[in-house]
Amino acid sequence: MKILILEDEIHHYHILRHMIEEIMPSALLIGPIPTVAEGRHFFLSQSDVDIIIADIQLSDGLSFDALSCVPDDIPVIFITESESHALKAFEYNSLSYLLKPIDKEQFHIAMKKAERLLSCRKTNTESSNKANAVTTLAQNEDFRKRFIVKTVKGEKIISVSGIRYIVSEQKNTYIKLLDDTSYPINMSLEELASQLDPQQFMRVNRKFIVPLEQVAATERLSNGKKSLILKGDTPPEIIISRTRRNEVAEWIG
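This write-up is about the structure you can find in this document. Here the structure is a predicted model, which is why all the values come from computation and not from measurement.

Parameters at a glance
Residues numbered from 1 in each chain as written. Predicted model: local features only at pLDDT ≥ 70, side-chain atom pairs only at ≥ 80, totals over all residues. Heavy atoms only, no water. Salt bridge = Lys/Arg side-chain N within 4 Å of Asp/Glu carboxyl O. Helix = DSSP H or I, 4+ residues; strand = E, 2+ residues; numbered from the N terminus. Phe/Tyr/Trp six-rings, centres within 6.5 Å; stacked < 30°, edge-to-face > 60°. Buried < 20%, exposed > 50% of the residue type's maximum accessible area, 1.4 Å probe, protein only.

Turning our eyes to something else, we now look at the pattern of salt bridges. Applying the stated criterion across every chain yields a total of six salt bridges. Across the pair E7 and K100 runs a salt bridge whose closest N-O atoms are separated by 3.2 Å. Linking E7 in the loop between β1 (2-6) and α1 (10-23) with K100 in the loop between β7 (94-99) and α5 (104-140), this pair joins segments that are 93 residues apart in sequence. The residue D180 makes a salt bridge to K176 at a minimum N-O spacing of 3.2 Å. Here the salt bridges do not stand alone but share partners, grouping E7, D55 and K100 into one network.

This paragraph deals with the packing of aromatic side chains. Note on aromatic pairs: each is described by the distance of the centres and the angle between the planes. Applying the stated rule across the entire model yields four aromatic pairs. A centroid spacing of 5.4 Å and a plane angle of 85° characterise the contact between F42 and F43, whose relative ring orientation is edge-to-face. For the pair shown, F42 and F43 are each scored as buried. Taking the centre distance of 5.0 Å and the plane angle of 20° together, the rings of F64 and Y92 count as stacked. In this pair, F64 is assigned in helix α3 (residues 64-67) and Y92 in the loop between α4 (86-89) and β7, connecting sequence segments 28 residues apart. The pair F64 / Y92 is uniform in exposure class, with both members buried. Taken together, the ring pairs in this structure connect F64, F78 and Y92 into an aromatic cluster.

Quick look at the structure:
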């Protein structure tokens, strides 16, 4: 298990390290990272950690500014000297909020809670993967292969293989094709996502469903967000939802 520590006071870091070694002797500790700038650099270059332990007040600002770059499925244990940021912490996947000086028993409870959460997620993921593997062949026959859309001359049959992306704009849904034409369709993105093969199509945020075949790359932005780049000229700006980053990464991979 990899545990990252954001802490600018070396004395508190040593206390944390000692307590972690008592309850998780095999854990790999990363840090301490003492600044927001170093934290952002770490998370933008990698996110391969299981648990984050974060002091809120670092030497150059609040750790929230670094944690905005963290995937939503990594639990965070906050350790701070003030209760004033407790509500804000819940926006950053807070699992526990502990006050300094650190109470050993409370810290142990928080770490065990994080360990149980990670264990449940791993079990659920493995079960889901097995179930998906068993049902994939049967399900593939149930997914949409084509749509019928209205045009000024009548109706047009669209094969899903010709879709560049599907977008929701001003409460309307449009299918954008590879030939750059666009057609409205009287269905919501939620309905469309449920009818398309999830191995080939994914709803990556509130506005877009994209086919895997049209994905050219992903790009990390300076504000910590991540965008999806489609093939072809003048691709639309598609920001991957924070809650779907890991899911999109697995889908692309």
